[in-house]
Amino acid sequence: MTAVLEASGLRAGYGKVEIVRDLALRVEPGEVVALLGPNGAGKTTTLLTLSGELPSLGGEVRLFGQATRAPLHVRARQGLGVVSQERAVLMELTTLENLRVSRCDVQRAVTLFPELEPHLNRRVGLLSGGQQQMLALARSLARRCRVLLVDELSLGLAPLVVDRLLRALRSAADEGMGVLLVEQHVHKALAVADRVLVMTRGQIALEGTARDLGERLDDIQDAYLRFGAAASLDGDTETPGGSPS
């Protein structure tokens, strides 16, 4: 089976500062791959580079089996979707206008997230954080992209909302979409993922199936600790001094 997204020997960073080194990963159709790790490990840099928003410093990215160095908007037209931690929605437009601008199936978006239907004509800036994130996710899922990169979907949201969003991701994967998920809540990520990669200091330190690593939580904790942070597997990462990193 051809991977929807693949990287080999990937090097990524900003200017001459290399953050990610010799990264290899693969996302198959119909699976959720969780990319975990402490703050500063290089997870967001990896997603930015895989999406084409950040040029790679070396190595290769393959999208649907073809090597690419194309920018984000080209990869998006080819079937890649991105949900960033900034909740990439247009705050001054209504929910309906956001869906139409994204050229997605409005009816499918409402079917996926019925919670949005009463707010279709409401300005997005007036929605709750959870509703905004539902809209951001709906814009990609209702466009029927073939692979989706998701960065910290749960950031700042209530646990019940996070569960709702992650179930939608799992359902999309069950219908054939490939998903690469960066998530701070380890237990929640393990519940929806098929495979897990744990990143520290810009490299993959641990990988395996979600079932396997679900039985090796101490190993995941050790990987976080080797980075120099005291990490909670429920989503909080702290420096040794106790403040958020």
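See the structure shown above.
Participant: An account of the overall build of the protein chain is requested, with residue identities and associated values reported.
Facilitator: Secondary structure summary: the protein chain contains nine helices and twelve strands in total. Taken over C-alpha atoms, the radius of gyration comes to 17 Å for the protein chain, in line with the 18 Å a tight globule of 245 residues would show. C-alpha atoms of the protein chain, sized along the principal axes, occupy 50 × 40 × 35 Å. Scored against the burial criterion, the 245 residues of the protein chain give a buried share of 51%. Counting contacts in the protein chain only where the partners sit at least 6 residues apart, residues at least 24 apart contribute 68% of the total. Accessible surface, the protein chain: about 11200 Å² in total, of which carbon and sulfur atoms supply 50%. In the protein chain, 28 positive and 29 negative side-chain charges are present, and the distance between their average locations comes to 7 Å.

Participant: Account for the environment of Val61, naming residues and giving values.
Facilitator: Positionally, Val61 belongs in strand S4 (residues 58–63). Its relative accessible area of 5% is what places Val61 among the buried residues. In this structure the C-alpha to C-alpha distance between Val61 and Glu6, which are 55 residues apart in sequence, comes to 5.8 Å. When near neighbours in sequence (up to four residues on either side) are disregarded, Val61 contacts Leu5, Glu6, Ala7, Leu10, Leu50, Gln66, Ala67, Thr68 and Arg75.

Participant: Residue-level account of the pairing of strand S8 (residues 178–182), with values.
Facilitator: Of all five residues making up S8, five are buried, and the element is well covered by its neighbours. Side chains Gly178, Leu180 and Val182 of S8 all project onto a buried face; the interleaved residues Val179 and Leu181 project onto the opposite face, where all are buried too. In the sheet, strand S3 (residues 32–36) pairs with S8 via four bridges, with the strands oriented parallel. Bridging across to S8, Ala34 finds its partner in Leu181. Here strand S7 (residues 147–151) pairs with S8 via five bridges, running parallel. Considered in S8, the bridge of Val150 is made with Leu181.

Participant: Report on the sheet that holds strand S10 (residues 203–209), specifying residues and quantitative values.
Facilitator: What holds strands together in a sheet is hydrogen bonding between their backbones, with the strands either parallel or antiparallel. Reading across from one edge, S6-S7-S8-S3-S9-S10 is the order of the six strands in this open sheet, with mixed pairing throughout. The open sheet has two edge strands with one neighbour each: strand S6 (80–83) and S10. Taken pair by pair, the neighbouring strands of this sheet meet at an average axis angle of 15 degrees, ignoring direction. With six bridges joining them, strand S9 (residues 195–200) and S10 adopt antiparallel strand pairing. Residue pairing in the sheet places Arg195 in a bridge with Thr209 of S10. Helix H6 (residues 159–174) contacts S3, S7 and S8 of the sheet and is inclined by roughly 150 degrees relative to S8.

Participant: Talk me through the sheet that holds strand S1 (residues 5–14); I want residue IDs and the actual numbers.
Facilitator: Taken together, four strands build an open sheet; the order of strands is S2-S1-S4-S5 and the sheet is antiparallel. Looking at which strands have only one partner, the edges of the open sheet turn out to be strand S2 (17–27) and strand S5 (66–67). With two bridges joining them, S4 and S5 adopt antiparallel strand pairing. What sits directly across from Arg62, in S5, is Ala67. Helix H1 (residues 43–51) rests against S1, S2 and S4 of the sheet, and its axis sits at about 115 degrees to S1.

Participant: Please give an account of the side chain of Thr95 that cites residues and values.
Facilitator: Here Thr95 lies in helix H3 (residues 95–101). With sequence-adjacent residues up to four places away left out, Thr95 is seen in contact with His119, Leu120, Arg122, Val124, Leu127 and Leu135.

Participant: Go over the packing of aromatic side chains with me, naming the residues and quoting the values.
Facilitator: For the structure on display, the rule yields zero aromatic pairs. Lying across the ring of Phe64, Arg146 places its NZ or CZ 3.8 Å from the centre.

Participant: Quick one: what's the story with the environment of Glu28, residue by residue and with numbers?
Facilitator: Position of Glu28 among the secondary structure elements: in the loop between S2 and S3. Separated by 33 residues in the primary sequence, Glu28 and Val61 place their C-alpha atoms 14 Å from one another. Excluding anything up to four places from it in sequence, Glu28 contacts Met1, Thr2, Ala3, Val4 and Gly178.

Participant: Outline the state of the cysteines, supporting the account with residue identities and numerical values.
Facilitator: Enumeration according to the criterion identifies zero disulfides in this entry. With no disulfide of its own, Cys104 lies closest to Cys145 among cysteine sulfurs, the gap being 10 Å. Residue class for Cys104 comes out buried when judged on its relative accessible area of 11%. The exposure class assigned to Cys145 is buried, which follows from its relative accessible area of 5%.

What counts, and at which threshold
Residues numbered from 1 in each chain as written. Predicted model: local features only at pLDDT ≥ 70, side-chain atom pairs only at ≥ 80, totals over all residues. Heavy atoms only, no water. Helix = DSSP H or I, 4+ residues; strand = E, 2+ residues; numbered from the N terminus. Rg over C-alpha atoms; globule rule 2.2 N^0.38 Å. Buried < 20%, exposed > 50% of the residue type's maximum accessible area, 1.4 Å probe, protein only. Contact = heavy atoms within 4.5 Å. Areas by Shrake-Rupley, 256 points an atom, 1.4 Å probe, with all protein chains shown as cover. Lys, Arg positive; Asp, Glu negative; His and termini not counted. Charge placed at Lys NZ, Arg CZ, Asp CG, Glu CD. Pairing = 2+ DSSP bridges. Axes fitted to C-alpha atoms, helices over the stretch in contact; angles between N-to-C directions. Phe/Tyr/Trp six-rings, centres within 6.5 Å; stacked < 30°, edge-to-face > 60°. Lys NZ or Arg CZ within 6 Å of the ring centre and 35° of its normal. Disulfide = S-S within 2.5 Å.

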